Every structure is written in structure tokens, then in C-alpha cells.
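Breakdown of the fold
Read off the chains here:
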Amino acid sequence: MTNVNEPAELLSASDIKQWDDTADVVVIGYGIAGACAALEARRAGADVLVIERASGGGGASALSAGIFYFGGGTDVQRAAGYEDSADNMYDYLMASTGAPDAKLVRRYCDHSAEQFDWLEAQGVPFNRGHYKGKSVIAPTDDCLASTGNEKLWPFKQVAKPVPRGHKVAKEGDGGGALAMDALTTACEREGVRVEVDSRVNAFIRDDAGRIVGVRAKQSDGQKYFRAKNGVVLAAGAFGLNREMVSHYSPQFPDSCEPLGIPNNDGDAIRLGQAVGGKLRSMDGIIATASFYPPEQLIKAILVNNKGERFVAEDSYHGRSAQAIMEQPETVAYLVMDSAIFAYPEVAHANHRLIDGWETVAEMEAGLNMPQGSLQRTMAEYNEGAARGEDALFHKDKEWLQPLDKGPYAAFELSYSNSCYYYITLGGLTISADTEVLDSNGNAIPGLFAAGACASTISQDGRGYASGLMLGPASYFGRVAGENAARESAAVSPG
């Protein structure tokens, strides 16, 4: 595996004897960010060449559930009877995600409803259904669902809670493939050119400091591709590179399994580093092994090995997973009584039923917790739940119910004994115009980035919401494509 501290190569344009191909805009990667960038650049009049490492388009986006985080008053939100605004969406995202670039978040919120319309116009299928349950992925083909922490305290006091998850019209999982089929078909129809089985391994820079091309390895050797206007980097995350994950997130448990494709190995980030691109939030990870559905389990409580609660159980599953990771030895238990007992339905999570006990005191002893700890936690929780209050974490009263109907049971949610899947959230720092920025905050001429190789809105699991990968990737991909198409080369490459 490549040394995580070793950037990719950087070549001088004056050393390139012959270019194998030339385009106005070169896009690296053919997932959702790359496809949207290619479409927008082509429609801006540019000759566009996509260079894809795999044998076809789709990327990790094609393996996703196809959930986009959109708001500000989309047609789907209005059809379901919800009022939302760009301001309301912005207030929520800024409060919940810890996003460091308010201008970037503002731009996304201002254009979010328009981005939904644009995707639908490209043939991405959405219906006007509304799934009202609480699930990791809606089992129906309904579009709208709550996929974040909008209803969670204190965010519900900052912004009016509105569902913003927009899922492609497919029952359950797998909608990402439908979205990518529509987008790659549109690219083909518009005349976007594609080079597959090509791994970009170097940027090419002219004497003025501008990125003017790339080198890619193909089966018959190295090829050189000139970009007259600009290059868009959209080649994915680094979650499949275990060395990079361990380097940037040494606290992250090795037992977790990455989501994505083998090519999500950090190549794009190393390319950006080679030209001075600044990295941001590289320790940011969203992990998940949800204990719901069924929804009734949200009425249970999560405790650590000291018998203490540590998070509101109605949190988005990624927020709960982040909180579990921060507990001693990453140990956690889901504790319930007989009135709400059920088995978690997310099979891959592999949450183990430890045992059942007649009393809380017996459960406390069976879980090797400090004497009196779980009994005290349960007594305080039940007292508040009976009043419809959770003084500790402000769990919504919809999910509050005294846990006082023995016998009692506990499922283990520890990282060591459950199967947590994750994606990385960190990447290159970009401006709201998708320019790749250096350590001084200056734009690197001729280079733009979007998608999972760029750090945008979500910084970690606590602030993530389903759809905050595909939504920003699709929108900022368009921004990158349009800006790259309009860029003018200051100095022609030699």
C-alpha cells in the first residue's frame, strides 16, 4: 500500500513531449460528482473528457441507496405538506454539522430545491411519496423521509424540523444505480467522452502554476491528457485504504468495515496534496450499525459499561454510532423491558442478545456494571419518562416510555461485537466555487474538486444525515463543471 504521507507525482508541462488527447475540461472520476460535472461543463460548451479508473461509470454512488439531502421547499416537500426554506435548512445544517465554511453551506441551501429539479430533469426517478416511519432506509419506494437529526434537541429549537431525505424511486436499497444510469445516459447523449480503465497518477502543471493536464496509466502504458480550461477532481473517498484511515483516525476501531468500492483508496486526495491542496476533517467518519428498525426500540436506552446513558436514543444512527465509539472500550448496550422487546432488524449489524433478567439489579450484575449504576440510571429515566421528560438528553416525548415491565433484556452494540460499516468524510478543502485551496486559502489555478474527495458540509458522524454525500456531490459537481468550463488558461502548456 502506498505511504499515506507520500503525495502523487507532479509533472511539468514543459517536460511533456506529446499529448495523447486534449479536452477543454478533464474530469477525473465517473461517480455522481464526476457525471454532474461532465454534464454541466458540456452544456457550457466545453469538450469534456472523463477519465475513469474502473471499466465503466457509477463509482460508489451506484452502490448507494440513492438518498439525496435536499430542502428549501422542494416539490416533494410541498406535496407532503411541509414548508421549508433555504434559511431554515441553513440554520439547521450550520447548527448540527459544525461545517467550517458558512458560504459553502449557504450556497448549497440556496440551490437545493433547484438541484432536485435538475436531477429529475436528467431522468433520475423520484416520486412524491412520503415515508413517515423511522428507518435507516425507507423500505418503500417513497421519496421523502426524515434522515437526520432535525427533530433532535437542541437543533429543533434552532430550526423548524422538516424531512429532507429524497430517495430515488426504488423500494428499499439500491436507488443509486438508477440515478447513475440516468446521469451517464445523459452524458453519453450530450457527447461527453470517456476513457475507462485509466488510473490518473499525476497532475501536470505549467510554469505559471496552473494545472493543465493529467497523466494516466492504461494497459498499454502511460498517457498524457491536456486540459485547456480546467481539471475537475471527483475520484472518491479513502475509506478502502486501511493505512490512511488508521493514520488519520487512529482512534477508529479496526473491526469496522468500509462501504464503497476498491478504488476508494485515497488516490484523489493524494493527487490534490501533490499540488499543495489543504486537507480538512480527515478524521471525520460516519459509522453505522443501527439498532432500529423496529421503531419501538428507540424507546429503549443506550448505556455504556458503567451503566450510564450517553446519547439521546432518537438520534440519527450515525450520531449514536459516533457516541458509542467515544465510550470506554467502545462498549454499549441497548436495554429494554418486555413491553418493547424486539430484535433489531438490520441483520448485518449483528447486535447480539446477551440475556434476559427478571430485575434491573440482576441485569446490572449480569453486565458487570458498578453496583447500583444501572438501577440508578433506570430509576431516573423512568421517573422522567412518566412525566414525558428526559432531563439528561431531551429525548423527544414521542419515544419516551417508562421501562418498568420485567423481564428485561440487553443487546450488545459494542464495536468489537457488532458489524459497523463506515464512510470517510474528510478530503480536500474547497471554496464555495469548488476551487481546491492551498494551506493559505488560495485557489490552485485550474483545479476544482467535488464529491467524496472534497470536504464539504458534514464533518463527522455526529452531524451527518443520510443524503449529505450524494446531495452536495451532485450539486457541487455541477458547480465544478461549469466553473472549469469557463476557466481561461493563463499560459498555454508547452
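Above this text sits the structure in question.
A brief look at the structure comes next.

Criteria and thresholds
- Residues numbered from 1 in each chain as written.
- Predicted model: local features only at pLDDT ≥ 70, side-chain atom pairs only at ≥ 80, totals over all residues.
- Heavy atoms only, no water.
- Patch = residues over 30% accessible without salt bridge, like charges linked within 9 Å, V, L, I, M, F, W, Y side chains within 5 Å.
- Areas by Shrake-Rupley, 256 points an atom, 1.4 Å probe, with all protein chains shown as cover.
- Salt bridge = Lys/Arg side-chain N within 4 Å of Asp/Glu carboxyl O.
- Helix = DSSP H or I, 4+ residues; strand = E, 2+ residues; numbered from the N terminus.
- Core = buried A, V, L, I, M, F, W, Y, C linked by side-chain atoms within 4.5 Å.
- Buried < 20%, exposed > 50% of the residue type's maximum accessible area, 1.4 Å probe, protein only.
- Pairing = 2+ DSSP bridges.
- Polar contact = N/O pair within 3.5 Å; in protein donor to acceptor, adjacent residues only side chain to side chain.
- Axes fitted to C-alpha atoms, helices over the stretch in contact; angles between N-to-C directions.
- Parallel < 35°, antiparallel > 145°, perpendicular 65-115°, else oblique.
- Left-handed = near helix turned anticlockwise from the far one by under 90°.
- Contact = heavy atoms within 4.5 Å.
- Nonpolar A, V, L, I, M, F, W, Y, C, P; charged D, E, K, R; others polar.

Quick notes on a nonpolar patch on the surface
- Taken together, Phe341, Tyr343 and Leu353 make up a surface patch of nonpolar side chains, about 270 Å² in accessible area.
- Considering the arrangement of structural elements, one finds Tyr343 in the loop between strand 15 (333-337) and strand 16 (352-357).

Structural notes on the nonpolar core
- With 149 residues, the main nonpolar core has Leu183, Phe203 and Leu233 as its most contacted residues.
- Core analysis: the next-biggest nonpolar cluster, separate from the first, contains seven residues, Leu11, Ala13, Ile16 and Val212 among them.

Some remarks on the sheet that holds strand 6 (residues 165-167)
- The three strands are arranged 4-6-5 in an open sheet whose pairing can be described as antiparallel. Where the open sheet ends on each side, the last strands, each with one partner, are strand 4 (67-69) and strand 5 (144-145).
- Two elements, strand 4 and strand 6, share three bridges in a ladder whose sense is antiparallel. Counted as the bridge partner of Ile67 is Lys167 from strand 6.

Focus on the side chain of Asn241
- With respect to the helices, strands and loops of the structure, Asn241 is situated in the loop between strand 10 (221-233) and helix 8 (242-248).
- A polar contact is formed between the side chain of Asn241 and the backbone nitrogen of Met244, at a distance of 3.0 Å.

Re the packing of helix 3 (residues 86-97) against helix 4 (residues 102-110)
- In the contact formed by helix 3 and helix 4, the axes pass within 9 Å of each other and the chain directions differ by 140°. For the element pair helix 3 / helix 4, the angle class is oblique. For helix 3 against helix 4, the interelement crossing comes out right-handed. Residue-level inspection shows Ala86, Asp87, Met89, Tyr90, Leu93 and Met94 of helix 3 in contact with helix 4, the latter providing Ala102, Val105, Arg106, Tyr108, Cys109 and Asp110.
- When the residues that make up the contact of helix 3 with helix 4 are grouped by side-chain class, the tally is nine nonpolar, no polar and three charged.

Structural notes on the pairing of strand 10
- Pairing geometry for strand 2 (residues 21-28) and strand 10, over seven bridges, is parallel. If you follow Ile28 over to strand 10, its bridge partner there is Leu233.
- Pairing analysis gives six bridges linking strand 9 (residues 211-218) to strand 10, with the strands arranged antiparallel. By the bridge assignment for strand 10, Val214 is matched with Phe225.
- The turn linking strand 9 back onto strand 10 is made up of two residues.
- Alignment of strand 10 against strand 21 (residues 443-449), held across three bridges, turns out to be parallel. Across the sheet, residue Val232 finds its bridge partner in strand 21, namely Phe448.

Notes on the pattern of salt bridges
- For the structure on display, the rule yields 31 salt bridges.
- The shortest N-O distance in the salt bridge between Glu9 and Arg215 comes to 2.7 Å. You can see Glu9 sitting in strand 1 (residues 9-12) and its partner Arg215 sitting in strand 9, a full 206 residues away along the chain.
- The exposure class of Arg215 is buried, given its relative accessible area of 9%.

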